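Chain and residue survey
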Amino acid sequence: MIYLHLSPGFEPYGPSVPFQAFVFNGGEPHLKLSGPLPETDVLITSRLNSFQDVGLLLVATDALRRAGAERISLFVPYFPGARQDRVMIPGEPLTVKVYAELLNAQHYHQITIFDPHSDVTPALLNKVQVVDNHQFVAQCLAQIGDCKLIAPDGGALKKIYQLSEVLGGIDVVECRKRRDVKTGALSGFLVSGPDLQGATCVIVDDICDGGATFVGLAEELKQHGAGDLYLVVSHGIFSRGIEPLAVPFKRVFTTDSIRAITHPNLTQLSFSLFLPHLINA
Ligand SMILES: O=P(O)(O)OC[C@H]1O[C@H](OP(=O)(O)OP(=O)(O)O)[C@H](O)[C@@H]1O
């Protein structure tokens, strides 16, 4: 197998296809393979954070097929649109389906994703392989020590109980988001489960975007007597930066599935660490 790394951060994995990528003045992504393909079995790795990224992936896939690639697999750690996995308000799109259909149409041999937001993403993708967050969270907990796992909402429950079992039965605290029925806006949290008095609490979730979910939940956990708080999220968008999270959380852990970022209160693990098994996929 040979790799085509469309984004930085994947490089340590075997021989890769050299190419030049650039964007035309009008904004259209373009790519040119730098020579003949030495193998017909290719794994493309790419972050898909923008339409530009998706466009580059599609033209790269076409270039590979024209160069003779027979089996093309894809690893996209963060799946775009995964949170828009249901139509909550009439008039909204089902965004995750739009992206899934786009990728299915490329007939990849396999699509591998890391810790998707819900079961909807893998359900929509043909030939999908899901890398769960177990190894990532285990590495974070090794730095934290004894703790309780906090599930921030109902959607996270199934995943967090699986995680707890894999990690030897760590206590789980179930929380639920309260949302305004009309607007869908977050209005608070319900916390239920074991006594939190002085306990180190680790909120585990897939994505941190603006962080309001976690800052709000941290306040609620403190009101229940929680001790040190940590946040562990697979995909760190951090659209409002790390600062708002640095107040309630002793430390934030994430991967570089979205981008590399440095901050004194942040520990970022490379998602590449969780990929070696893919080489033989
Ligand atoms: O950092 P924030 O901006 O607060 O967003 C983070 C939250 O957003 C996502 O859930 P979302 O609320 O979209 O999912 P759900 O409605 O399916 O629970 C994600 O799983 C986090 O819980």
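Residues numbered from 1 in each chain as written. Predicted model: local features only at pLDDT ≥ 70, side-chain atom pairs only at ≥ 80, totals over all residues. Heavy atoms only, no water.

The name given to the protein chain in an unreviewed UniProt entry is Ribose-phosphate pyrophosphokinase, with Larkinella knui as the source organism. The protein chain has a UniProt comment under Sequence similarities (unreviewed entry) that states "Belongs to the ribose-phosphate pyrophosphokinase family." (UniProt positions renumbered as here; feature names shortened; annotations may be inferred.)

Now for the sheet that holds strand β11 (residues 201-208). Ordered in space as β10-β9-β8-β11-β12-β13-β14, the 7 strands form an open sheet in which the pairing is mixed. With one partner strand each, in any of the chains shown, β10 (186-192) and β14 (266-269) form the two edges of the open sheet. Within this sheet the neighbouring strands show an average axis-to-axis angle of 25 degrees, counted without direction. Bridging between strand β8 (residues 148-151) and β11 involves 3 bridges; their strand directions are parallel. (Pairing = 2+ DSSP bridges. Helix = DSSP H or I, 4+ residues; strand = E, 2+ residues; numbered from the N terminus. Axes fitted to C-alpha atoms, helices over the stretch in contact; angles between N-to-C directions.)

The next thing to look at is the packing of aromatic side chains. Taken as a whole and assessed by the stated rule, the structure comprises 4 aromatic pairs. When the ring of Phe75 is compared with that of Phe271, the centres are 6.1 Å apart and the planes differ by 50 degrees; the resulting orientation is tilted. Placement of Phe75 in strand β5 (residues 71-76) and of Phe271 in the segment after β14 is noted, with a sequence separation of 196 residues between them. The same class applies to Phe75 and to Phe271, which are both buried. Geometrically, the ring pair formed by Tyr230 and Phe253 is tilted, given 6.4 Å between the ring centres and 40 degrees between the ring planes. Here Tyr230, found in strand β12 (residues 229-236), pairs with Phe253, found in strand β13 (residues 251-255); they are 23 residues apart in sequence, far enough to count as distant. Judged by its relative accessible area of 9%, Tyr230 is buried. Residue class for Phe253 comes out buried when judged on its relative accessible area of 2%. (Phe/Tyr/Trp six-rings, centres within 6.5 Å; stacked < 30°, edge-to-face > 60°. Buried < 20%, exposed > 50% of the residue type's maximum accessible area, 1.4 Å probe, protein only.)

Enumeration over the complete set of coordinates arrives at 11 salt bridges. Residue Glu101 is joined to Lys97 by a salt bridge in which the shortest nitrogen-to-oxygen separation is 2.9 Å. You can see Glu101 and its partner Lys97 sitting in helix α2 (residues 95-104), 4 residues apart, about one turn around the helix. Its relative accessible area of 45% is what places Glu101 among the partly exposed residues. Linking Asp115 and Lys159 is a salt bridge whose minimum nitrogen-to-oxygen distance equals 2.7 Å. With Asp115 in the loop between β6 (111-114) and α3 (120-124) and Lys159 in helix α5 (residues 157-166), the pair connects residues that are 44 residues apart, well separated along the chain. By relative accessible area, Asp115 is classed as buried at 3%. (Salt bridge = Lys/Arg side-chain N within 4 Å of Asp/Glu carboxyl O.)

Once that is clear, we can look at the side chain of Asn133. For Asn133, the position within the fold is in the loop between β7 (128-131) and α4 (134-144). The class for Asn133 is buried, based on a relative accessible area of 5%. Residues within four places of Asn133 in sequence aside, it is in contact with Phe114, Asp115, Leu163, Val204 and Ser234. (Contact = heavy atoms within 4.5 Å.)

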